[in-house]
Amino acid sequence: MMKKPIPRAQRDRRGDTRHADPSAAPACDQPMVITSLQNERIKAVRALEMRKERKATGLFVAEGASVMMMGEEHDIAPELVVRLTNNPDEPKRTQAFCTWAMERGADVLEVTARVLGKLAHKDNPQSLLGVYRQRWAKLPPLSACKDTDLWLALEGVRDPGNLGTIIRTADAVGAAGIILIGTCCDAYTRESVRATMGSIFSVPLVRVSQQEFIAWCKSWPGDVVATHLDGSEDFRNVTYRGPVLLMMGSEGPGLTEALVAEASKVVRIPMNGTLDSLNLAVATALTLYEIRRPHL
Ligand code: SAM
């Protein structure tokens with residue numbers, strides 16, 4: 001349930017104008033153009049920058065038509081669309097997307113470039129963004145896991161850019177989902193969502209405590225693979241017995257001993273040079289591709 005809804009346009013018209021004759025009675029089928037940053041709905045969208053607000057509302061922001069259309073492919077509609085008003089460059093496909101979203105119950109707000117500029121990412125501002133409901137899955141019942149399944153478990157991942165990149169890579173190899181263990185960064189930050197390039201809509205995400213994860217993985221029917229700098233086996237020389245549960249450690253301390261103890265295989269990615277370790281997203285990509293090699 002939505003704890004703190006984005007206030008409806010009808011409840012707050014501060015700073016708003018309408019396309020049509022402003023003296024005419026408001027017509028609900030005409031788009032409202034929001035010009036003010038003080039508009040309550042705009043303030044509510046901006047507040048989703050804060051983790052506590054995303055947690056309280058269960059919502060998040062996705063930016064850009066291409067990302068939002070990935071949601072459409074998975075039949076996931078936004079609750080709210082924010083769109084640049086009077087945009088002569090708006091592609092027809094975006095218009096069709098807005099129609100589809102409205103049919104699914106989304107509100108569409110038209111805003112000025114100034115308002116959109118405050119909502120959109122500074123580096124690559126988009127003319128369309130959406131407010132979506134976060135989706136969290138449960139740990140899958142082990143009886144439902146197929147031999148070809150690959151689940152990825154991340155312990156204490158800290159960097160939202162890494163997490164988003166990993167979600168995208170997990171999608172690319174057809175992983176069944178990602179389990180976030182313990183205290184992790186928020187998968188629904190703007191940075192993470194951007195890095196997923198739309199895969200946020202297709203990869204199931206699960207959140208669990210370390211204790212819950214350990215209790216669940218004890219009966220895992222295939223290999224539980226830990227990646228570790230001191231791994232006994234080169235990750236390229238291992239035969240992985242499916243279904244595979246791959247565990248990756250955090251950017252800082254790596255995998256905890258408690259999780260390594262649950263592994264049936266502990267693998268390392270060989271490195272030359274003077275570096276300590278690979279970046280988490282890079283190490284995850286290499287290992288995912290190696291495990292999935294027979295299926296790709
Ligand atoms: N300082 C950590 C340690 O001593 O384990 C390294 C953290 S590393 C940046 C983050 C994660 O990426 C590790 O926990 C591991 O899962 C994976 N990783 C990075 N380089 C690796 C390598 N060469 N072999 C195996 N796993 C690696």
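A quick note: this is a predicted structure, and the numbers were derived from the prediction, not measured.

Looking at the pattern of salt bridges
Turning to step 1, where the next piece is worked out: In this structure the tally under the stated criterion is 15 salt bridges.
Turning to step 2, where the next piece is worked out: Here Lys 43 and Glu 40 are joined by a salt bridge, their closest N and O atoms 3.6 Å apart. In this pair, Lys 43 and Glu 40 are both assigned in helix 1 (residues 40-47), three residues apart and thus about one turn of the helix distant.
Turning to step 3, where the next piece is worked out: With its nearest N and O atoms 4.0 Å apart, the salt bridge here joins Asp 149 to Lys 146.

Here we look at the site of the ligand
Turning to step 1, where the next piece is worked out: Lining the immediate surroundings of the ligand are 19 residues, of which Thr 227, Gly 249, Gly 252, Ile 269 and Leu 278 lie closest.
Turning to step 2, where the next piece is worked out: In this structure, an oxygen atom belonging to the ligand sits 3.0 Å away from a main-chain N or O atom of Gly 249.
Turning to step 3, where the next piece is worked out: Contact between the ligand and Ile 269: a nitrogen atom at 2.9 Å from a main-chain N or O atom of the residue.
Turning to step 4, where the next piece is worked out: Counting residues per element, the ones that place at least two in the shell around the ligand are strand 13 (265-268) and helix 10 (280-292).
Turning to step 5, where the next piece is worked out: Class assignment for the residues of the shell around the ligand results in ten nonpolar, seven polar and two charged.

Comments concerning the sheet that holds strand 13
Turning to step 1, where the next piece is worked out: With respect to topology, seven strands assemble into an open sheet ordered 9-8-7-12-10-13-11, the strand pairing being parallel. With one partner strand each, in any of the chains shown, strand 9 (205-208) and strand 11 (233-234) form the two edges of the open sheet.
Turning to step 2, where the next piece is worked out: As paired strands, strand 7 (residues 150-155) and strand 12 (residues 244-248) are joined by five bridges and run parallel to one another. Paired with Leu 152 across the strands is Leu 246, a residue of strand 12.

Quick word on the nonpolar core
Turning to step 1, where the next piece is worked out: Val 81, Phe 97, Leu 154 and Ile 178 are the most contacted members of the largest nonpolar core, which totals 50 residues.
Turning to step 2, where the next piece is worked out: Considering every element that reaches this core, the biggest residue donor is helix 10, with five residues.
Turning to step 3, where the next piece is worked out: Ignoring any residue separated from it by four or fewer positions in sequence, one finds Phe 97 in contact with Met 68, Met 69, Glu 72, Pro 78, Val 81, Leu 128 and Tyr 132.
Turning to step 4, where the next piece is worked out: With 22 residues, the next largest nonpolar core counts Leu 139, Val 208, Ala 263 and Val 266 among its residues.

Observations concerning helix 8 (residues 210-217)
Turning to step 1, where the next piece is worked out: Considered for burial, the residues of helix 8 that qualify are Phe 213, Ile 214, Trp 216 and Cys 217. In an axial view of helix 8, the angular spread of the buried residues amounts to 165°, which keeps them on one side of the axis. The exposed set on the far side of helix 8, more than 90 degrees from its buried face, consists of Gln 211 and Ala 215.
Turning to step 2, where the next piece is worked out: For helix 8, the elements touching its buried residues are strand 7, strand 8 (177-181), strand 9, strand 10 (224-227), strand 12 and helix 9 (257-260).

With respect to the packing of aromatic side chains
What describes a pair of aromatic rings is the distance from one ring centre to the other and the angle between the planes of the rings.
Turning to step 1, where the next piece is worked out: Counted according to the given criterion, the structure contains eight aromatic pairs.
Turning to step 2, where the next piece is worked out: Judged by centre distance (5.4 Å) and plane angle (80°), the ring pair of Trp 136 and Tyr 188 falls under edge-to-face. You can see Trp 136 sitting in the loop between strand 6 (128-133) and strand 7 and its partner Tyr 188 sitting in the loop between strand 8 and helix 7 (190-196), a full 52 residues away along the chain.
Turning to step 3, where the next piece is worked out: Among the residues examined, Tyr 188 registers a relative accessible area of 2% and is labelled buried.

Thoughts on the side chain of Ser 199
Turning to step 1, where the next piece is worked out: Considering the arrangement of structural elements, one finds Ser 199 in the loop between helix 7 and strand 9.
Turning to step 2, where the next piece is worked out: For Ser 199, the residues in contact, after removing those within four places along its chain, are Met 70, Ile 167, Arg 168 and Asp 171.

Quick look at the environment of Leu 119
Turning to step 1, where the next piece is worked out: You can see Leu 119 is positioned in helix 5 (residues 113-119).
Turning to step 2, where the next piece is worked out: With 76 residues separating them along the chain, Leu 119 and Lys 43 place their C-alpha atoms 9.3 Å apart.

Thresholds, definitions, all that
- Residues numbered from 1 in each chain as written.
- Predicted model: local features only at pLDDT ≥ 70, side-chain atom pairs only at ≥ 80, totals over all residues.
- Heavy atoms only, no water.
- Salt bridge = Lys/Arg side-chain N within 4 Å of Asp/Glu carboxyl O.
- Helix = DSSP H or I, 4+ residues; strand = E, 2+ residues; numbered from the N terminus.
- Near = heavy atom within 4 Å.
- Polar contact = N/O pair within 3.5 Å; in protein donor to acceptor, adjacent residues only side chain to side chain.
- Nonpolar A, V, L, I, M, F, W, Y, C, P; charged D, E, K, R; others polar.
- Pairing = 2+ DSSP bridges.
- Core = buried A, V, L, I, M, F, W, Y, C linked by side-chain atoms within 4.5 Å.
- Buried < 20%, exposed > 50% of the residue type's maximum accessible area, 1.4 Å probe, protein only.
- Contact = heavy atoms within 4.5 Å.
- Arc of directions from axis to C-beta.
- Phe/Tyr/Trp six-rings, centres within 6.5 Å; stacked < 30°, edge-to-face > 60°.

Nothing here speaks to function; it is geometry throughout.
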